[in-house]
Amino acid sequence: MSNYRTNKWRLKLQEIIYEADTPAGKLFDVVLLVTILASILLVMLESVNSIDKNFHDFLNISEWVITILFTIEYIARILTVRKPLNYVFSFYGIVDLLSTIPKYISLIFGGIHALAALRALRLLRIFRILKLARYLGASNTLINALKASKAKISVFLFAVVIVAIILGTIMYLVEGEENGFTNIPKSVYWCIVTLTTVGFGDIAPQTPLGQFIASLVMILGYGIIAVPTGIVSAEYTNQNKPDKENEPKNNSENKSDIVQLNSQCCSNCLNELHRDDAEFCFKCGCNLHHD
């Protein structure tokens, strides 16, 4: 009986911590994100000398409270999974550990606690709350479009580099060392900065001819911006075009094939996004509902 109660307790806690489909799970993740943001804000405020001088004790105590809460959460995550090492050495497990230990290390090495800003990485958990996984299909389409256009973009970038070298060399000859264009590499650097419309202003042409060339480079820069965008957009459109041979005659034919995914987490391998009607993990075969 005690073993059944322990398993039931572990399953309930695992559902709250790892899953975002239940009200308790959503509340846990929202509270966790708010706590992470509060912790990052505390670290930022502590780095401001005037604020730290007046509220040092409050900031320190608050940071310790949050660190202890994160420690409890980290231990709970380990206790609620069937194979703790899967979580410990997972991406989120490492991030959770790195975001917890800096405050403890600061007891030995002062100032290390500022590394607690690593907790910003934990905000990646917002993907589970917002269920952004539903957009993975669109992201895959974008990735495929980028892969399909890499050859065209590579040729384009190569052409831009050649243009930057040629114009940089011309500016070196026109402006000379007395106007800041001390060598060709520095002149090429100026051309790249101008061509990308960044314009740091650390080097500027002084002669009328140099200013005229600079104007042409700036205008060229605006035109260059549109080229890779057009290439990727065209490929993205091609990726979204339906396959005429495989396109169903009636959209209602494939409605039954649409599967709703949720954030149900496997307690064994920590895989998520199983089908709503799934009984077992698609990766390790573990029962999703019973220990």
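Below is a summary of the structure that appears in this document. (Residues numbered from 1 in each chain as written. Predicted model: local features only at pLDDT ≥ 70, side-chain atom pairs only at ≥ 80, totals over all residues. Heavy atoms only, no water.)

Moving on, we come to the packing of helix α2 (residues 23-46) against helix α3 (residues 49-79). Relative orientation of the contacting elements α2 and α3 amounts to 145 degrees, with a least axis distance of 9 Å. Remark: the crossing between α2 and α3 carries left-handed chirality. Mapping the contact onto sequence places F28, L32, T35, I36, A38, S39, L42, V43, L45 and E46 in α2 and I51, D52, H56, L59, S62, E63, I66, F70, E73 and R77 in α3. (Axes fitted to C-alpha atoms, helices over the stretch in contact; angles between N-to-C directions. Helix = DSSP H or I, 4+ residues; strand = E, 2+ residues; numbered from the N terminus. Left-handed = near helix turned anticlockwise from the far one by under 90°. Contact = heavy atoms within 4.5 Å.)

As a further point, take α2. Given 3.6 residues to a turn, an α-helix orients residues that are three or four positions apart in the same direction. Taking 1.5 Å per residue as the helical rise, α2 with its 24 residues ought to reach 34 Å, and the 34 Å between its terminal C-alpha atoms agrees with that figure. Buried within α2 we find G25, D29, L32, L33, T35, I36, S39, I40, L42, V43 and E46. (Expected span 1.5 Å × (residues − 1). Buried < 20%, exposed > 50% of the residue type's maximum accessible area, 1.4 Å probe, protein only.)

Summarising the element assignment, E175 is placed in helix α9 (residues 150-175). Nearest to the buried, unbridged E175 among oppositely charged side chains is K186, at 13 Å. Residue contacts for E175: discarding those within four places in its chain leaves F181, P205, Q206, T207, G210 and Q211. (Lys, Arg positive; Asp, Glu negative; His and termini not counted. Salt bridge = Lys/Arg side-chain N within 4 Å of Asp/Glu carboxyl O.)

The next subject is the pattern of salt bridges. In a structure, side chains of opposite charge can pair up when their charged atoms sit close to one another. Per the counting criterion, the structure on display carries two salt bridges. The closest approach of N and O atoms between R77 and E73, which form a salt bridge, is 2.5 Å. With R77 and E73 both in helix α3 and four residues apart, the pair spans about one turn of that helix. Taking relative accessible area as the criterion, E73 reaches 7% and is therefore assigned buried. Notably, a salt bridge pairs D96 with R77, separated by 3.9 Å at the nearest N-O pair. Remark: R77 occurs in helix α3 and D96 occurs in helix α5 (residues 91-98); sequence separation between them is 19 residues.

On to the side chain of S149, then. Along the chain, the position of S149 falls in the loop between α8 (136-148) and α9. Note on S149: relative accessible area 0%, which makes it buried. The residues contacting S149, other than those within four sequence positions of it, are I231, V232 and E235.

Let's shift gears to the nonpolar core. With 15 residues, the main nonpolar core has W190, C191 and V217 as its most contacted residues. For this core, the elements supplying multiple residues, two or more each, are α9, α10 (184-195) and α11 (208-240). If one sorts the elements of this core by residue count, α9 sits on top with five residues. Excluding its chain neighbours within four sequence positions, the residues that come into contact with W190 are M171, F181, I203, P205 and A214. Within the second largest apolar cluster, eight residues are counted, among which are L33, L42, L59 and I66. (Core = buried A, V, L, I, M, F, W, Y, C linked by side-chain atoms within 4.5 Å.)

The next point concerns the environment of V217. By the element assignment, V217 lies in helix α11. Note on V217: relative accessible area 1%, which makes it buried. V217 sits 24 residues away from V193 along the chain, and the two C-alpha atoms are 10.0 Å apart.

Moving on: the packing of α9 against α10. Angle between the axes and distance between the axes: these two values describe a pair of packed helices. In the contact formed by α9 and α10, the axes pass within 7 Å of each other and the chain directions differ by 120 degrees. Between α9 and α10, the angle falls in the class oblique. Every pair of crossing elements has a handedness; the one defined by α9 and α10 is right-handed. Of α10, the residues touching α9 (which contributes V160, A164, I165, L167, G168, T169, M171 and Y172) are I184, S187, V188, W190, C191, I192 and L195. Broken down by class, the residue content of the contact of α9 with α10 amounts to twelve nonpolar, three polar and no charged. (Parallel < 35°, antiparallel > 145°, perpendicular 65-115°, else oblique. Nonpolar A, V, L, I, M, F, W, Y, C, P; charged D, E, K, R; others polar.)

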